[in-house]
Amino acid sequence: MTGWDYHAVIIGGGQSGLATAYYLRKYGVSFVVLDAGERPGGAWPHYWDSLTLFSRAEFSNLPGWPMPAAEGFPPRDHVVDYLTRYEQRYELPVRRGERVERVERVERGEQDAAAGGPAGFRVLPQGITARHVVVATGIWSAPFIPFVPGSFTGTQLHAAQYRRPADFAGQRVAVIGAGNSGAQIAADLALAAREDPALGIEARWYTRGEPAFMPDGIDGSDLFRRNRERFLAIARGGEDPGCADFDGDIVAVPEVRRARDAGLLRAHPMVASLDELERDGGDNGVDTIIWATGFRPALRPVRGLPLSTPNLHVVGFDALGGPGAGTIGGVSPFAREVARRIAGDSCTVSG
Ligand SMILES: Cc1cc2nc3c(=O)[nH]c(=O)nc-3n(C[C@H](O)[C@H](O)[C@H](O)COP(=O)(O)OP(=O)(O)OC[C@H]3O[C@@H](n4cnc5c(N)ncnc54)[C@H](O)[C@@H]3O)c2cc1C
């Protein structure tokens, strides 16, 4: 008996938390998953209605049970269904509606004074203690908006809040951002405006540089292959072969291709000041700005703790884990490695 509630707590019950949970279960570790969401699927239920994966189902597998087949690029709800069933299939202990606000260290001896037990953590407000904490909180709850001078009195939202074109009926909308989200949202709005002129949507896409599309034959599966090569090279201690040398960043998923080929996806140079987008500011004036300008790792619960803190682990972030860590098909080796380290730390076995 060590006095810890669990050997490990996983914060976040999306694909990264589930993949880690799968391996912890396999290795016989006692753990719980705390997830702020009210339903399974991590961030996926919150993505916009028209979102599809940028790769086919066979390249989007979590450990153990592959994603069921789907026609073409699987839609958002197919992913939600897969994650829901995955969690049920392995009876993973996910507690929902449990937002972790803070993780604090429990110093040596405090938790297990008699045995002089090693240091671990307490997650708050739950008060649960564990020797290991895995942060699998994703990026969705940490949207990033860059500073742009000037002021704008219309509505502003981040891509994380975008759902469907009908929400913008009768509006002029500026979509800002040259990545996949920007291209997809701009395409979604432009196609809807063309297919249903009564919606009265006028969408304009703004990018800093000229947006660069990957060749049409390239999709997420090519990126996954490249990520896998990179992961294996790095794991062998070899040289990182680097990112794929495709010309662009934007995967030409069918909707983007359709809008682009119809001439509806032309980018305008980013404005120097938000004043230029003011509703009454002239030709460029818009009612709403949608910032499709990316995300940061949602590390709020562990602020103040260096990520190098022993027994603190992160899973699911490309920037912190390695190539592919932030994708469905790429998270497995990172989740397994973290679970192995936790299971290998056998100086405590949870009581
Ligand atoms: C627009 C978009 C499109 C994408 N398309 C693809 C794609 O086609 N293919 C692909 O492989 N990848 C894609 N990705 C990347 C990646 O698969 C997703 O970002 C995925 O949601 C990441 O899973 P995750 O489990 O790491 O994080 P999330 O799905 O965000 O799950 C994190 C979970 O942690 C919970 N949480 C957060 N903070 C706390 C807290 N403090 N306490 C408790 N719980 C907390 C959240 O409620 C959530 O349930 C896409 C990403 C985006 C943004």
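Reading the values: rules and limits
- Residues numbered from 1 in each chain as written.
- Predicted model: local features only at pLDDT ≥ 70, side-chain atom pairs only at ≥ 80, totals over all residues.
- Heavy atoms only, no water.
- Helix = DSSP H or I, 4+ residues; strand = E, 2+ residues; numbered from the N terminus.
- Rg over C-alpha atoms; globule rule 2.2 N^0.38 Å.
- Buried < 20%, exposed > 50% of the residue type's maximum accessible area, 1.4 Å probe, protein only.
- Contact = heavy atoms within 4.5 Å.
- Areas by Shrake-Rupley, 256 points an atom, 1.4 Å probe, with all protein chains shown as cover.
- Lys, Arg positive; Asp, Glu negative; His and termini not counted.
- Charge placed at Lys NZ, Arg CZ, Asp CG, Glu CD.
- Near = heavy atom within 4 Å.
- Polar contact = N/O pair within 3.5 Å; in protein donor to acceptor, adjacent residues only side chain to side chain.
- Nonpolar A, V, L, I, M, F, W, Y, C, P; charged D, E, K, R; others polar.
- Salt bridge = Lys/Arg side-chain N within 4 Å of Asp/Glu carboxyl O.
- Expected span 1.5 Å × (residues − 1).
- Pairing = 2+ DSSP bridges.
- Axes fitted to C-alpha atoms, helices over the stretch in contact; angles between N-to-C directions.
- Core = buried A, V, L, I, M, F, W, Y, C linked by side-chain atoms within 4.5 Å.
- pLDDT = per-residue confidence, 0-100.
- Phe/Tyr/Trp six-rings, centres within 6.5 Å; stacked < 30°, edge-to-face > 60°.
- Lys NZ or Arg CZ within 6 Å of the ring centre and 35° of its normal.

Draft legend 1. Structural context of the overall build of the protein chain. Along the backbone of the protein chain there are 6 helices and 12 strands. Computed over the C-alpha atoms, the radius of gyration of the protein chain is 22 Å, within 12% of the 20 Å expected from 2.2 N^0.38 for a compact globule of 351 residues. Counting only C-alpha atoms, the protein chain reaches 75 × 40 × 40 Å along its principal axes. Out of the 351 residues in the protein chain, the part that is buried amounts to 51%. Taking contacts inside the protein chain between residues at least 6 apart in sequence as the whole, the part at least 24 apart equals 71%. Entry remark: accessible area of the protein chain is about 15,900 Å², with carbon and sulfur atoms responsible for 49%. Seen as two clouds, the 37 positive and the 42 negative side-chain charges of the protein chain have centres 6 Å apart.

Draft legend 2. Structural view of the site of the ligand. Close contacts around the ligand come from 31 residues, with Q15, S16, D35, F54 and V100 the closest. Contact distances for the ligand include 3.4 Å between an oxygen atom and a backbone N or O atom of G326. Take I328: an N or O atom from its main chain is 2.9 Å from an oxygen atom of the ligand. Contact with the protein chains covers 91% of the free accessible surface of the ligand, which is 970 Å². Going through the elements one at a time, α1 (15-26) and β2 (31-35) are the ones with two or more residues in the shell around the ligand. Residue composition of the shell around the ligand, by class: 16 nonpolar, 12 polar and 3 charged.

Draft legend 3. Focus on the pattern of salt bridges. Tallying each qualifying case throughout the model produces 20 salt bridges. Of the charged contacts, one joins E195 and R258 as a salt bridge, the two residues approaching to 3.2 Å between their closest N and O atoms. Highlighted residues: E195 in helix α3 (residues 180-195) and R258 in helix α5 (residues 254-261), separated in sequence by 63 residues. With a relative accessible area of 52%, E195 lands in the exposed category. Taking the shortest distance from any N to any O, the salt bridge between D287 and R279 comes out at 3.4 Å. Three or more residues are tied together by salt bridges with common partners; here these are D49, R76, D77, R163, R164 and D167.

Draft legend 4. Spatial organisation of helix α2 (residues 76-89). Between its first and last C-alpha atoms α2 spans 20 Å; for 14 residues at 1.5 Å apiece the expected length is 20 Å, and the two agree. What α2 keeps buried is the set R76, H78, V79, V80, Y82, L83, T84, Y86 and E87. Buried residues in α2 make contact with α1 and β3 (94-96). Two residues or fewer after α2 comes E91, characterised by a positive phi angle close to 45°.

Draft legend 5. Spotlight on the sheet that holds strand β8 (residues 172-176). Here 5 strands make up an open sheet; going across it, the order is β7-β11-β8-β9-β10 and the pairing parallel. Strands with a single pairing partner mark the edges of an open sheet, and in this sheet they are β7 (155-158) and β10 (267-269). Shown here is a sheet whose adjacent strand axes are inclined to one another by a mean of 30°, direction ignored. For strand β9 (residues 202-207) and β10, the ladder comprises 3 bridges, and the chain directions are parallel. Considered in β10, the bridge of W205 is made with A267. Strands in contact with α3 are β8, β9 and β11 (288-291); relative to β8, the strand with the most contacts, it is inclined by about 160°.

Draft legend 6. Just the nonpolar core, in detail. Formed by 67 residues in total, the largest nonpolar core has its most connected members in W44 and L189. For this core, the elements supplying multiple residues, two or more each, are β1 (6-11), α1, β2, α2, β8, α3, α5 and α6 (332-344). Considering each element in turn, this core owes the most residues, 8 residues, to α3. Contact partners of W44, with chain neighbours within four places excluded, come to Q15, L51, L53, R76, V79, V80, L83 and I328. Within the second largest apolar cluster, 15 residues are counted, among which are V100, V123, V135 and L312.

Draft legend 7. Representation of the environment of A259 in the model. Assignment of secondary structure puts A259 in helix α5. The spatial distance from the C-alpha of A259 to the C-alpha of D188 is 8.1 Å, given a sequence separation of 71 residues. The residues touching A259, leaving out its near neighbours within four places in the chain, are A187, L191, L264 and L265.

Draft legend 8. Looking closely at the environment of G238. Locating G238 in the fold gives a position in the loop between α4 (220-235) and α5. Classification of G238 as partly exposed rests on a relative accessible area of 41%. A C-alpha to C-alpha distance of 45 Å links G238 and A190, two positions 48 residues apart in sequence.

Draft legend 9. Region of interest: the confidence of the model for the protein chain. The predicted model of the protein chain has a mean per-residue pLDDT of 90, with 91% of residues at 70 or higher. Counting interchain partners and residues more than four positions distant, the pLDDT-below-50 stretch residues 347-351 has 16 contacts.

Draft legend 10. Region of the structure containing the packing of aromatic side chains. If you walk through the whole model with that rule in mind, you get 13 aromatic pairs. Taking the centre distance of 5.0 Å and the plane angle of 80° together, the rings of Y22 and Y90 count as edge-to-face. With Y22 in helix α1 and Y90 in the loop between α2 and β3, this residue pair connects regions lying 68 residues apart in the sequence. With a relative accessible area of 15%, Y22 lands in the buried category. The exposure class of Y90 is partly exposed, given its relative accessible area of 21%. One cation-aromatic arrangement involves R56 over F73; the distance from NZ or CZ to the ring centre is 4.8 Å.

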